[in-house]
Amino acid sequence: MLTSRTFLKRTRAGAVMKVVREHYLREDIACGAAACEQCGQQPGEHRLEAQPSGAASSLCSAPHYLLPDTNVLLHQIDILEDPVITNVIVLQTVLQEVRKRSAPVYKRIRDVIANPEKHFYSFTNEHHRETYIEQEQGETSNDRNDKAIRVATKWYDEHLKKINNEEAIQVILLTNDRNNKEKAVQEGLVAYTCEEYIKSLIANPDLVDRLACVSDEGIIIQGLKNLNRAVHEDLVAVELLAKDQWVAPSSVVLQDEGQNEDDDENEEEKENTLKSSINKNMLRPSGRVVGIIKRNWRPFCGMLSKSQIKEARRHLFTPADRRIPRIRIETRQASTLEGQRIIVAIDGWPRNSRYPNGHFVKNLGSAGDKETETEVLLLEHDVPHQPFSQAVLSFLPKMPWSITEEDMKFREDLRYLCVCSVDPPGCTDIDDALHCRELENGNLEVGVHIADVSHFIRPGNALDQESAKRGTTVYLCEKRIDMVPELLSSNLCSLRSNVDRFAFSCIWEMNHNAEILKTRFTKSVINSKASLTYAEAQMRIDSANMKDDITTSLRGLNRLAKILKKRRIDNGALTLSSPEVRFHMDSETHDPIDLQTKELKETNSMVEEFMLLANISVAKKIHEEFSEYALLRKHPAPPPSNYDILVKAAKSKNLEIKTDSAKALADTLDKAESPEFPYLNTLLRILATRCMMQAVYFCSGMDNDFHHYGLASPIYTHFTSPIRRYADIIVHRLLAVAINADSTYPELTDKHKLADLCKNLNYRHKMAQYAQRASVAFHTQLFFKNTGVVNEEAYILFVRKNAIVVLIPKYGLEGTVFFEEKDKPKPNLSYNDEVPSLTVENTTFHTFDKVKVNIMLDASNIQHQKIRMALVEPKILGSDIPNQTTELSTNSEPEKKKKKLKK
């Protein structure tokens, strides 16, 4: 027995059952090779031929066995079933993954293994003493499995060399994972992609036709004809087109020139123009919609395009979301609705019509009005923002509210501690507070105290259901859409200073090197001694004259936070960058009068470190107690191809960025500095942020990959913001049950219901981010509307075939500068994809080059206002470069001017 794992499981009858899982290793598992005399195989046990008689390969002339990884087996099962492919080793690791991911493929591979003519052998590597490996701390399940496959391949390679054969038998690892293949080659293994190997079979060229076309980019569907009346977010059936009809994603950026009646007439012409400039190697699988499985229509916000025909009742509605087609509606109110933001619903899309038919639903108000535009962005991003119903409000505590003696029986009284909160200016929903003090034994006690929202929101009532539906608080530039009613968010749950409040406390005993000696969790009552801003807390820490208890506590916290941060970074945690902006509003008009990037202080990092530490500590505790039902948060490692743009950009500045692991990425980013270009490192970190995957919530019983890539933590959750995140409320409930401070309920230990909840939380979190970005974009437009034309320095983030994408550090603003415009002379453009650069006439632009741009607002289209940018420096000689435009739209999702969907 190697390992033993014990956990508790609740049966359907409600009883608690103890489960112990033991993992045994053996030395007598046979390799399956007929020529091997070491393994002591029984007659009929061997499957692999003594002299492999498979098809001849130009890549490997020696006799060989094949060892496919999971993705090859999943996607290339048609190839593996072909009679030509024989002598294949199928690892237990691979079989287990295939069984989880595709029952039909699993059945097919089992049938192939059972066929003696195919000579397929299933090797139980997970129970062989020399091929089993443990999952290391911080390692994802996927990475562990890839490593297990490489370890087994290496074992076979060395094991087969001991066989007394005329010619040594090689083992070829088949993998389409670029990273896995590179590591295999570095370890001295023979590894090819499935395509490389199949194309090397000289005598069997017809096998190439059976290769599955596997692409991370999905299927491209381009053009109205191929879309076949499908609307964004519809579930569709797609037919793959012949290869000569495939298209490619273009590096050409298309300008938005407004929509005209005849736009769709030119659709084919636009597509042909794009096709003519495509490199054949860039072609991707393309298809056409052949059926709508499920419509996902919703009410759409937008504006009416009034018909030019007098007395006409039929008009076109242009949605705010550019991915939605225009909708034909009938209305007698066209004159009244012109210039208004309205809501329209689709009724159907006749086969012979260019546009779907719909009807008018509601008038939201005048376009451009701040309240109206805020309503539009909330509706378009599906943010629940209606006032809380009476049914919800009926579950709030009756006022006046106070802590009773009965409450104190179940809580630890921590009001004597010098607790304080540190938050942004104007924050009223204070989730967290901290303290640090020295103990009599010389160690330090550090506490993170979190608002006990779960005390007020009980499972299953109307207040709980509404909070779960909303999922998160949404912060707009001038508005906050609360997840819970204001009585809780800004009053009873908010850890304001000088009032008694319920808290859930995570308290550590640490030594002076920030090493945790003890951890405990308790429901408590605290009384915060100060509600500070980041700037106020920083001023106290820096002041030589202040030596009060609050300041002493802050200094202790800050010193420990620096040690914790260094330790995290040393372990491979990433420090990325994203330009965030802060608006300064006019006190009367509430319009933005200044726009600046946010300045982060030491105290920002101080609070962050202890929030991270609390989240990790709680994650370990709830998973220890509820291994199947813990609500956790993971951050998947990006696929290697995500980093291509970062690696190329760094290479253009003679810098190397390694992406083998988070640690390698963090280390090379730290070293990627240029004394004459201090902002370069920030730009690289901004690009690195764009390469990342989205972090998501999940139920531990439904996934075996817990790793958080960005934090380099093997386990993580959200515990520290229950006022604004529903996930934290669930985590509070799990932790309360774990420490016997509260009772459980059926939904809390139902992993399928928790998985459904996580799906909604991930969706709400994503839409909240989109809404926040749209709000920033709208207020940025308001700022430049009042400011007028501005010239500012910018840095090139991306180079396209006809444009450059720039970042203006002063405003945290990103936009596109175009070098060609419709109906104007086109300059000579030369694009180099290898080392991203664009030559315009005699001037070459590289990633990270410094330029100066002219910025102004174009409000000619009131629904889709644009920030227009024109290049000021460097001046391009010999060409009349147009007044280039870029769009900063209030619709935050990526816009595709080519009409395409991905399956």
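Here the structure is shown first, and the text comes after it.
Note that this is a predicted model, so its numbers are computed, not measured.

## As for the nonpolar core
Grouped burial of nonpolar side chains is what soluble globular proteins tend to show. Counting residues in each nonpolar core, the largest one holds 87 residues, and the members touching the most others are Leu 488, Trp 508, Leu 554, Phe 610, Leu 631, Phe 719 and Ile 730. No other element matches helix 22 (residues 726-738), which puts ten residues into this core. The next biggest cluster of nonpolar side chains, apart from the first, holds 56 residues, and it includes Ile 113, Tyr 156, Leu 201 and Leu 207.

## Brief notes about the pairing of strand 11 (residues 300-305)
The element strand 11 is largely enclosed, with a buried count of five among its six residues. When strand 11 meets strand 12 (residues 314-319), the two strands line up antiparallel, connected through four bridges. If you follow Gly 302 over to strand 12, its bridge partner there is Pro 319.

## Topic: the sheet that holds strand 30 (residues 803-808)
As summarised here, the arrangement of the five strands in space is 31-30-29-35-36, forming an open sheet in which the pairing is antiparallel. With partners counted over all chains shown, the strands left at the sheet margins are strand 31 (813-818) and strand 36 (866-873), one partner each. On average, each strand axis in the sheet is inclined to that of its neighbour by 45°, with strand direction left out of account. Relative to strand 35 (residues 850-858), strand 29 (residues 790-799) runs antiparallel, the two sharing six bridges. Across the sheet, the residue bridging to Tyr 795 is Lys 850, located in strand 35. Running over the sheet, helix 21 (residues 680-691) touches strand 29, strand 30 and strand 31 and is turned about 55° from strand 29. Relative to strand 35, helix 23 (residues 751-787) is tilted by about 90°, and along the sheet it contacts strand 29, strand 31, strand 35 and strand 36.

## Considerations on the sheet that holds strand 34 (residues 843-846)
The three strands are arranged 32-33-34 in an open sheet whose pairing can be described as antiparallel. The sheet terminates laterally at strand 32 (829-832) and strand 34, the two strands that pair on one side only. Between one strand and the next, the sheet's axes are offset by a mean angle of 15°, whatever the strand orientation. Bridge count for strand 32 against strand 33 (residues 837-840) is four bridges, and the pairing is antiparallel. Paired with Asn 832 across the two strands is Ser 837, which belongs to strand 33.

## Things to note about the side chain of Arg 150
Residue placement: Arg 150 occurs in helix 5 (residues 141-160). Residue classification places Arg 150 among the buried residues on the basis of a relative accessible area of 6%. Dropping the residues within four chain positions of it, Arg 150 is found in contact with Leu 173, Asn 180, Lys 183, Ala 184, Glu 187 and Leu 189.

## Examining the environment of Ala 530
By the element assignment, Ala 530 lies in strand 24 (residues 530-533). Excluding anything up to four places from it in sequence, Ala 530 contacts Val 419, Cys 420, Ser 421, Ser 497 and Ile 550.

## A few points about the packing of aromatic side chains
In the structure shown here, the tally under the stated rule is 14 aromatic pairs. Between the aromatic rings of Phe 123 and Tyr 156, the centroid separation amounts to 5.1 Å while the plane-to-plane angle is 70°, which identifies the pairing as edge-to-face. Of this pair, Phe 123 sits in strand 5 (residues 120-123) while Tyr 156 sits in helix 5, placing them 33 residues apart in sequence. For Tyr 156, a relative accessible area of 0% puts it in the buried group. With a centroid separation of 5.0 Å and an interplanar angle of 75°, the aromatic rings of Phe 783 and Phe 784 are classed as edge-to-face. Residue class for Phe 783 comes out buried when judged on its relative accessible area of 5%. Taken together, the ring pairs in this structure connect Phe 123, Trp 155 and Tyr 156 into an aromatic cluster. Across the ring face of Phe 388, the terminal group of Arg 470 is positioned such that the distance to the ring centre comes to 4.0 Å.

About the criteria used
- Residue indices follow the written sequence of each chain, beginning from 1 at its first position.
- The predicted origin of the model limits local features to residues at a pLDDT of at least 70 and limits the giving and counting of side-chain atom pairs to 80 or more, whereas totals for whole chains, interfaces and linings rest on all residues.
- Derived side-chain values reflect all non-hydrogen atoms in the structure, with water molecules and hydrogen atoms excluded from consideration.
- Definition of nonpolar core: a set of buried residues of the types Ala, Val, Leu, Ile, Met, Phe, Trp, Tyr and Cys, connected through side-chain atoms within 4.5 Å.
- Only protein chains enter the calculation, and the probe is 1.4 Å; a residue is then buried if its accessible area is under 20% of its type maximum, exposed if over 50%, and partly exposed in between.
- Each helix is a run of H or I in the DSSP string that is no shorter than four residues. Each strand is a run of E no shorter than two, and both are numbered from the N terminus.
- Between any two strands, pairing holds if DSSP finds at least two bridges.
- Think of each axis as a best-fit line through the C-alpha atoms, taken over the contacting stretch in the case of a helix, with angles from 0 to 180 degrees between the N-to-C directions.
- Only heavy atoms enter the contact rule, under which two residues are in contact if any of them lie within 4.5 Å.
- Pairing of aromatic rings covers Phe, Tyr and the six-membered ring of Trp, with a centre-to-centre limit of 6.5 Å; geometry is then stacked below 30 degrees between planes, edge-to-face above 60, and tilted otherwise.
- In this analysis the charged atom, NZ for Lys or CZ for Arg, is taken to sit over a ring once it is within 6 Å of the ring centre and within 35 degrees of the ring normal.

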